[in-house]
Amino acid sequence: MVSLKALRHFSVLAEERHYSKAASRLHLTQSALSRSIQSLESQLNVQLLDRSVTGLALTPAGRMVLEHAHRVLNEASTLKRRVESLQETEGGEVLMGAGVFPAAGFLSPLLTQVARDYPGIRMRVEVESWQRLQEMLVRDELDFVVAITRSLPPSSDYQIRPLPPQHVGLFVRAGHPLLSVGRRILQTHLPDYRLASTHLPPRALEQLAPLFGVNKREAVPLALECNSIAALVNVALGSDLIILCVREALRELLAEGRLVQLPLSYTDDATLECNLISHARRELSPASKKVVGLIEKLMTEGTSLSVL
C-alpha cells in the first residue's frame, strides 16, 4: 500500500526538481529520499521521474501520480485537522499567510491578543507577496491568507471573503520640504524626491509614472524596495524619501504627527481591496475561525481609525 509519507516525499521532490534540495526540506539524507522514491515507483510499477545531468523531469505517469498525490495529501491534512478540532475547541494550530501591507496593519495586535487570550492556539505566520502566498496555499502549507489580490485573482478553487479595504497614499516625515510647497504645484516638485516602497507590481509602477513626470515605469525614481514596513518607516523618518504605504499601517505615526500624507493620490482609486482566501472545499478549523474573526475586527477598527 502506498504511504502518505512516500507521496509527500514525491510531491516535494517534484516541486524542487533536485534531490539535495528536497532532502534538505524533508530533513532526510539524499540516499533515504532516493530509496523512498524508488520504493514508490516499484509499488506503482511506473517510472515517475526522468533523471539527467540537467535535473529531474516528471514523466507522464509522474504528472498523473503527482495530481493524485496532491489530492490525497490535502484530504489527509483536512481529516487530521477535523479530528483535532473535535478535541480542541479553543486550541489548535493555525497556519496563516499575510501580504506585507495588510500584515503591517493588524498582525502585531493580532498575535498579542492570541498569545494573551488564547494560549491553546499555536500560530505560524508567513508574511510574503500574494504570489508566493498563493503558491504556499497550493502546496497546502497554509490554512488561509489575507492579501491584496488584484494583481493575481485567485482561481475558483478558493473561497474569497472580502475584508475592509486598505487606503494607499504617499507619506513623508514631519518637516519634509514638500510640506511647504503649495498644493497646486506639489506634483511638479514630486520628481525632485525619490520613493521607498515594498516590491511593486508593474501595474503600480505604471500608475506612479505620470505622477513623477516620467513615461516609463522603469523611470520611476525608486530608491528603496523592501518588504519590511518597519524598515521603510524608519528610512522615511530619517531622510527625505517619500514612502508609498497604506494608512492602516501608519495610523499611530500619523496621529502623532511624525508622518504626514501628501495631499494627492497615486491612482484614481486610492483603495486596495483586501481579501481572505482559503480552500473552497475545506472548512477552517475552530482555531482558524477564531483567528479570522479577530482579524476582521482588527481590520475594521483600523480602517475606521485611519479615515478619521
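Residues numbered from 1 in each chain as written. Predicted model: local features only at pLDDT ≥ 70, side-chain atom pairs only at ≥ 80, totals over all residues. Heavy atoms only, no water.

Caption draft 1: Up close: the layout of surface pockets. Quantified by volume, the largest pocket comes out at close to 720 Å³. Contributing to the lining of the largest pocket are 27 residues, with W130, I148, S151, H199 and P201 lying nearest its centre. Among the residues forming the lining of the largest pocket, the class breakdown is 15 nonpolar, eight polar and four charged. (1 Å grid on protein atoms, 1.4 Å probe; cavity = no way out; pocket = protein on both sides within 12 Å on 5 of 7 lines; lining within 4 Å. Points joined across faces, edges and corners; volume = space filled by probe spheres on them. Nonpolar A, V, L, I, M, F, W, Y, C, P; charged D, E, K, R; others polar.)

Caption draft 2: Focus on the environment of L224. Looking at where L224 falls in the secondary structure, it is placed in strand 8 (residues 222-225). Here L224 falls in the partly exposed class, since its relative accessible area comes to 26%. For L224 and E128, which are 96 residues apart along the polypeptide, the C-alpha to C-alpha distance reads 17 Å. Among all residues touching L224, those that are not within four sequence positions of it are L195, A196, S197, L232 and V235. (Helix = DSSP H or I, 4+ residues; strand = E, 2+ residues; numbered from the N terminus. Buried < 20%, exposed > 50% of the residue type's maximum accessible area, 1.4 Å probe, protein only. Contact = heavy atoms within 4.5 Å.)

Caption draft 3: Spotlight on helix 5 (residues 100-117). Given a rise of 1.5 Å per residue, 18 residues ought to cover 26 Å, and the 25 Å separating the end C-alpha atoms of helix 5 matches this to within 8%. Considering bend angle alone, the principal kink of helix 5 is centred on F106 and spans about 50 degrees; proline P109 follows within four residues of it. (Expected span 1.5 Å × (residues − 1). Bend = angle between axes of the 7 residues up to and from the residue.)

Caption draft 4: Looking closely at the environment of L259. Within the secondary structure, L259 is located in strand 10 (residues 259-261). Separated by 14 residues in the primary sequence, L259 and C245 place their C-alpha atoms 11 Å from one another. Among all residues touching L259, those that are not within four sequence positions of it are V172, R173, V233, A236, L237, L250, L253 and L254.

Caption draft 5: How the structure looks around the packing of helix 2 (residues 19-26) against helix 3 (residues 30-44). Contact geometry of helix 2 with helix 3 gives a least axis separation of 9 Å together with a crossing angle of 100 degrees. One finds that helix 2 runs roughly perpendicular with respect to helix 3. Every residue of helix 3 that contacts helix 2 at Y19, S20, A22, A23 and L26 is listed here: Q30, L33, S34 and I37. Across the contact of helix 2 with helix 3, the residue classes break down as six nonpolar, three polar and no charged. (Axes fitted to C-alpha atoms, helices over the stretch in contact; angles between N-to-C directions. Parallel < 35°, antiparallel > 145°, perpendicular 65-115°, else oblique.)

Caption draft 6: Quick peek at helix 3. The end-to-end C-alpha distance of helix 3 is 21 Å, a good match for the 21 Å that 15 residues give at a rise of 1.5 Å each. Among all positions in helix 3, only L33, S36, I37, L40 and E41 are buried. Down the axis of helix 3, the buried set is contained in an arc of 135 degrees. They therefore lie on one face. Facing away from the buried side of helix 3 by more than 90 degrees, the exposed set consists of R35 and S42. In the core, the buried residues of helix 3 are packed alongside helix 1 (4-16), helix 2 and strand 1 (49-52). Within two residues after helix 3, N45 carries a phi angle of roughly 60 degrees, on the positive side. (Arc of directions from axis to C-beta.)

Caption draft 7: Just the pattern of salt bridges, in detail. Counted by the stated rule, this structure contains 17 salt bridges. When the shortest N-O distance is used, the salt bridge between E126 and R124 registers 3.8 Å. The exposure class assigned to E126 is partly exposed, which follows from its relative accessible area of 25%. A salt bridge links R132 to E128; the nearest nitrogen and oxygen atoms lie 3.4 Å apart. The partly exposed category is assigned to E128, whose relative accessible area is 23%. The network of salt bridges with common partners includes E15, E16, R25, R139 and E141. (Salt bridge = Lys/Arg side-chain N within 4 Å of Asp/Glu carboxyl O.)

Caption draft 8: Layout of unusual backbone geometry. In the Ramachandran plot, H27 falls in the positive-phi region, its phi being about 60 degrees despite a non-glycine side chain. Mapping H27 onto the fold places it in the loop between helix 2 and helix 3. Take H27: its relative accessible area is 74%, and that puts it in the exposed class. The backbone of D140 shows a phi angle near 65 degrees, a positive value even though the residue is not glycine.

Caption draft 9: Representation of the side chain of S288 within the structure. Inspection of the secondary structure assignment puts S288 in helix 11 (residues 286-306). With sequence-adjacent residues up to four places away left out, S288 is seen in contact with V94, D143 and F144.

Caption draft 10: Geometry of the nonpolar core. Counting residues in each nonpolar core, the largest one holds 39 residues, and the members touching the most others are L170, I242, C245 and L262. Elements that contribute at least two residues to this core include exactly helix 5, strand 6 (158-173), strand 7 (195-197), helix 8 (202-208), helix 9 (229-237), strand 9 (242-246) and helix 10 (247-256). The greatest single-element share of this core, amounting to five residues, is contributed by strand 9. Contact partners of L262, with chain neighbours within four places excluded, come to L170, V172, L178, L179, L186, L190 and I242. Grouped together as the second largest cluster of nonpolar side chains are 23 residues, F144, L284, A287 and L294 included. (Core = buried A, V, L, I, M, F, W, Y, C linked by side-chain atoms within 4.5 Å.)

Caption draft 11: Layout of the packing of helix 1 against helix 2. Contact geometry for helix 1 and helix 2: axes closest at 8 Å, N-to-C directions at 135 degrees. Comparing the axis directions of helix 1 and helix 2 gives the class oblique. Crossing hand, helix 1 versus helix 2: right-handed. Contacts from R8, H9, V12, L13, E15 and E16 in helix 1 reach Y19, K21, A22, R25 and L26 in helix 2. For the contact of helix 1 with helix 2, the class distribution of residues is five nonpolar, one polar and five charged. (Left-handed = near helix turned anticlockwise from the far one by under 90°.)

That is the geometry; function is a separate question.
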